[in-house]
Amino acid sequence: MLLYTVEEREKLNLLNTNKNCYKVDNLFYLYNEDALKLLKLLPDNSIDLFFTDPPYFLSNDGITCSGGKMVSVNKGGWDKEDTLSVDEFNYQFLKEAKRIIKPSGSIWVSGTLHNIYSVGYQMKKLGLRILNNIIWQKTNPPPNLSCKMFTHSTETILWAAK
């Protein structure tokens with residue numbers, strides 16, 4: 001998803017015909033699109049902050065616990081490793097993010113142990129400078145059903161710049 005102010009959208013001349021574009025409170029436009037396609041439409045050096053929570057690629061027909069019940073971990077096709085590997089997906093979206101952020105801009109990427117190491121590696125491959133890692137401690141993480149590992153109770157945000 002992309003979020004733009006009305007002024008930024010007009011300045012960047014983004015298409016008004018996008019069926020997955022929603023105007024929010026006459027202040028913002030929100031785009032719900034395939035990020036790899038939409039990012040290619042944005043001009044170089046035009047974004048101050050790129051924040052994303054990319055797929056973790058956890059949809060593997062497994063189970064988890066939600067509200068005390070066993071439920072599927074499958075989120076949808078967008079969360080499956082079908083056409084691109086995790087590394088290739090992360091490389092492609094980060095390459096576009098690097099292109100569209102301003103020289104003084106930042107990239108923030110949220111992830112879990114399942115994808116954040118790939119994200120960090122791809123950032124380094126692209127010559128991005130990792131400024132910080134921020135740890136989000138979950139107050140109510142899902143329980144560990146297998147009892148073979150610690151509970152996944154944190155997420156990481158990597159903060160990077162050109």
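Above this text is the structure in question.
Source: prediction; values computed, not measured. (Residues numbered from 1 in each chain as written. Predicted model: local features only at pLDDT ≥ 70, side-chain atom pairs only at ≥ 80, totals over all residues. Heavy atoms only, no water.)

Q: Whenever I open this one, the pairing of strand β3 (residues 28-31) confuses me. Can you help?
A: Consecutive residues of a regular strand have side chains that alternate between opposite faces of the sheet. Only one face of β3 is buried, namely the one carrying Tyr29 and Tyr31, since none of Phe28 and Leu30 on the opposite face is buried. Here four bridges tie strand β2 (residues 21-24) to β3, and the two strands are oriented antiparallel to one another. Bridged to Val24 within β3 is Phe28. Linking two consecutive strands that pair antiparallel, namely β2 and β3, is a turn of three residues; a positive phi of about 50° is found at Asp25 within it. (Buried < 20%, exposed > 50% of the residue type's maximum accessible area, 1.4 Å probe, protein only. Helix = DSSP H or I, 4+ residues; strand = E, 2+ residues; numbered from the N terminus. Pairing = 2+ DSSP bridges.)

Q: Help me out: how do you make sense of the nonpolar core in this one?
A: For soluble globular proteins, the rule of thumb is that nonpolar side chains tend to be buried together. Grouped together as the largest cluster of nonpolar side chains are 22 residues, with contacts concentrated most on Phe50, Phe93, Leu94, Ile107, Val109, Val119 and Met123. At the level of secondary structure, the elements contributing two or more residues to this core comprise β4 (47-52), α3 (86-100), β7 (101-111), α4 (116-125) and β9 (154-161). At six residues, α3 tops the list of elements feeding residues into this core. (Core = buried A, V, L, I, M, F, W, Y, C linked by side-chain atoms within 4.5 Å.)

Q: Even after reading the chapter, I still don't get the packing of aromatic side chains, so can you show me in this structure?
A: Two measures describe an aromatic ring pair: the distance that separates the ring centres and the angle between the ring planes. One pass over the structure, following the stated rule, counts three aromatic pairs. With a centroid separation of 5.6 Å and 50° between ring planes, the pair formed by Phe89 and Phe93 is classed as tilted. Here Phe93 and Phe89 lie together in helix α3, a separation of four residues that amounts to about one turn. The two residues Phe89 and Phe93 agree in class, both being buried. (Phe/Tyr/Trp six-rings, centres within 6.5 Å; stacked < 30°, edge-to-face > 60°.)

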